[in-house]
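Next come the chains, spelled out residue by residue.
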Amino acid sequence: MTPLAKLLEAALFAAPRPIPMEALAALDVESSPAAVAAALDELREHYDIDGHGVELVEQGGGWQILTRAEFAEAIERAQVAVRPQRLSAAALETLAIIAYRQPIGRAEIEEIRGVAVGSVLKSLHERGLIDIVGRSEGVGRPLLYGTTSQFLEQFALRHLEELPRADELAIALRGAGNTAVVPE
Amino acid sequence: MIAPKFRSADNLAPSFVVELSHFTGPLDLLLSLIRDEQLDIYDIPVARIAEQFLARISTLGLDEAADYLEMAARLLRIKAQMLLPRADGEEAWEDPRAELVRRLLEYQQMREVVDLLEHRGEGRRHQFPRRWVPPAADITPLNAPLSLSLGELLAAVDRVLRTTKEPALHEIIPRALDVGGAMLTVRAVLAMRRSARWSDLVGRDAEPWQILSVLLALLEMAKLGELRIAQHHAFASVEIHRDAVSEAA
């Protein structure tokens, strides 16, 4: 491996969270961004081709070394680390709405889901998946929610734009107006 | 007619709640009914769907029912609107189901994102990152500027506000009492006679402020030792005597 690839590996090993590209580039001021990108490729191939228990992943706004999924069960069984709990369907629905409509207030989320979401919002906030990003100018100045970098990390997303755009989804909304077919 | 899937006959309410808990809300239930019946989402037979919807939620506990009841009410209203006669060639007629269709589509779209997130999250769940957490206490200098997100700040404010009691506010009304004047009256009465009754001091048509003034005057004068007050039994007439000491003076 090149010295730069080794340096990146050391930094990624030391970091508790994904390291953004800019921070990786700052590790060695002599190296150009292109050289850093090439070194990242080198490191990834090193893990993938030589066969390692970890892999290099780009997600959550940066790069991170993660263990390979095939070892998860053994690691968990030995109580070295525990897989996070799956989110409930209600939590996922709420999260999906926030991801697409952020910043969004509670009332709008409830309008889309058709149920009260107070406790779901609380638990998503406790899990660090959403945060309060401001207050609306509307009546009562309700809190507005948005997703966090923790959200990107837990759902293996590089950035929010990686989610399909609303009009790319299979069920694209047919305009906002009255679209129902009028029966004869 | 009851929906074929309705099977609460052998199991009582709790198990039915379990069945409904498969659904994340009224829209989810509605979509599932539409799918089961293979209906066109743009042309929902509202009467039939409303009936099935009601059958499904009929044994819900009151707590979880609220969200479903709101939808049930909405369906029944749409059903009623569909029954209203409309004039031929009336162009402004708006399908009462339009809003419901829009919401169902919006909800379905969101469910597509849920599938995507679920898939991604499930893959990521089996990969562990490094778990080194810096000892926060050591790396933050004492006089470092406060680093706080808006969310943390608002949460802290909420906590403070919740622990602070509402200030007890009292409305203060100026007392229009004339204790001094009442004292003069009492003295004048007692100057003429050794003892008097409450009813001698307060006329039948006395206003509350006059009654209170006399009462306070009597208590004040009793405290000063100018008179004695006696009531021989409960609700008996109050007797007021010139005090022996002041009499001697």
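Computed from a predicted structure; not experimentally measured.

1. A look at the overall build of chain A
Within chain A, the secondary structure is distributed over eight helices and five strands. Reading chain A from its N end, one meets helices and strands in the order α-α-α-β-β-α-α-β-α-α-β-β-α. Here chain A holds 184 residues, and 30% of them are scored as buried. For chain A, restricting intrachain contacts to residue pairs at least 6 apart in sequence, the fraction spanning at least 24 positions comes to 48%.

2. Points about the sheet that holds strand S3 (residues 104–105) of chain A
In a beta sheet, neighbouring strands are held together by backbone hydrogen bonds and run either parallel or antiparallel to one another. The sheet built from three strands is open, its strands ordered S3-S5-S4 (chain A) with antiparallel pairing. The outermost strands of the open sheet, each flanked by one partner alone, are S3 and strand S4 (130–135) of chain A. Lying over the sheet, helix H7 (residues 150–163) of chain B contacts S4 and strand S5 (143–147) of chain A, oriented at roughly 80° with respect to S4(A).

3. A look at the interface of chain A and chain B
A common way to report how large an interface is uses the accessible area buried once the components associate. On the side of chain B, 41 residues touch chain A, which itself brings 48 residues to the contact. For the side of chain A that touches chain B, the elements supplying multiple residues, two or more each, are strand S2 (62–67), helix H4 (72–77), helix H5 (89–101), helix H6 (106–113) and S4 of chain A. A total of nine residues in the side of chain A that touches chain B trace back to one element, the largest contributor, which is H5(A). Of the residues in the side of chain A that touches chain B, the class split is 36 nonpolar, seven polar and five charged.

4. Thoughts on the confidence of the model for chain B
Summing up the model confidence of chain B, the mean pLDDT is 77 and the portion of residues at 70 or higher is 77%. Per-element confidence in chain B ranges from a low mean pLDDT of 46 for helix H1 (residues 13–20) of chain B to a high of 90 for helix H5 (residues 98–125) of chain B.

5. A short note on helix H10 (residues 208–224) of chain B
All names here are of chain B. End to end, H10 covers 24 Å across 17 residues, agreeing with the expected 24 Å (1.5 Å per residue, within 8%). Within the span of H10, buried status applies to Ser213, Val214, Ala217, Leu218 and Met221. Summarising the axial view, the buried residues of H10 lie within an arc of 130°, below the 170-degree limit, and thus occupy one face. Relative to its buried face, H10 has exposed residues pointing more than 90 degrees away, namely Pro208, Trp209, Leu219 and Lys223.

6. Quick notes on the nonpolar core
Core analysis: the biggest nonpolar cluster contains 47 residues, and A:Leu95, A:Ala96, A:Ile98 and B:Phe53 have the highest contact counts within it. Setting aside residues no more than four positions away along its own chain, B:Phe53 makes contact with B:Leu29, B:Leu30, B:Leu33, B:Ala72 and B:Leu75. With 13 residues, the next largest nonpolar core counts A:Leu8, A:Ile19, A:Leu43 and A:Trp63 among its residues.

7. Structural notes on the sheet that holds strand S1 (residues 195–197) of chain B
Residues and elements named next belong to chain B. The three strands lie next to each other as S1-S3-S2, forming an open sheet whose pairing is antiparallel. Of all strands in the sheet, those bounded by a partner on one side alone are S1 and strand S2 (227–230). If you compare each strand with its neighbour and ignore which way they point, the axes differ by 20° on average. Bridging between S2 and strand S3 (residues 239–242) involves four bridges; their strand directions are antiparallel. Bridge assignment links Leu227 to a residue of S3, and that residue is Arg242. Lying over the sheet, H10 contacts S2 and S3, oriented at roughly 120° with respect to S2.

8. Focus on the pairing of S2(A)
All names here are of chain A. In terms of strand pairing, strand S1 (residues 54–59) meets S2 through six bridges, oriented antiparallel. Bridged to Glu55 within S2 is Leu66. Counting the residues between successive antiparallel strands, the hairpin from S1 to S2 contains two residues, one of them, Gly60, with a positive phi of roughly 60°.

9. What to know about H5(B)
Helix length check: H5(B), at 28 residues, gives a terminal C-alpha distance of 40 Å against a target of 40 Å (1.5 Å per residue), a fit within 8%. Within H5(B), burial applies to B:Leu100, B:Leu104, B:Tyr107, B:Gln109, B:Met110, B:Arg111, B:Val113, B:Val114, B:Leu117 and B:Arg124.

10. Focus: the environment of B:Val113
Within the secondary structure layout, B:Val113 lies in helix H5. When the 20 C-beta atoms within 10 Å are taken as the criterion, B:Val113 is described as buried. Aside from chain neighbours lying at most four places away, what touches B:Val113 is A:Ala96, A:Ala99, A:Tyr100 and A:Leu163.

11. Looking at unusual backbone geometry
Note: most peptide bonds trans; most residues except glycine with negative phi. Residues and elements named next belong to chain A. With an omega of -5°, the peptide bond between Gln102 and Pro103 qualifies as cis. Of note, Pro103 is situated in the loop between H5 and S3. Although it is not a glycine, Arg141 adopts a positive phi angle of roughly 40°. Relative to the elements of secondary structure, Arg141 occurs in the loop between S4 and S5.

12. Thoughts on the packing of helix H1 (residues 3–14) of chain A against helix H3 (residues 33–50) of chain A
All names here are of chain A. Two elements in contact, H1 and H3, have axes separated by 9 Å at closest approach and are oriented at 75°. Overall, the two elements H1 and H3 adopt an arrangement that is roughly perpendicular. Listed contacts from H3 to Leu4, Ala5, Leu8 and Glu9 of H1 are Ala35, Ala39, Leu40, Glu42 and Leu43. Of the residues in the contact of H1 with H3, the class split is seven nonpolar, no polar and two charged.

Criteria and cut-off values
Residues numbered from 1 in each chain as written. Chains lettered and ligands numbered in written order. Predicted model: local features only at pLDDT ≥ 70, side-chain atom pairs only at ≥ 80, totals over all residues. Helix = DSSP H or I, 4+ residues; strand = E, 2+ residues; numbered from the N terminus. Buried ≥ 20, exposed ≤ 12 C-beta atoms within 10 Å, placed from the backbone. Contact = placed C-beta atoms within 7 Å. Pairing = 2+ DSSP bridges. Axes fitted to C-alpha atoms, helices over the stretch in contact; angles between N-to-C directions. Nonpolar A, V, L, I, M, F, W, Y, C, P; charged D, E, K, R; others polar. pLDDT = per-residue confidence, 0-100. Expected span 1.5 Å × (residues − 1). Arc of directions from axis to C-beta. Core = buried A, V, L, I, M, F, W, Y, C linked by C-beta atoms within 7 Å. Parallel < 35°, antiparallel > 145°, perpendicular 65-115°, else oblique.

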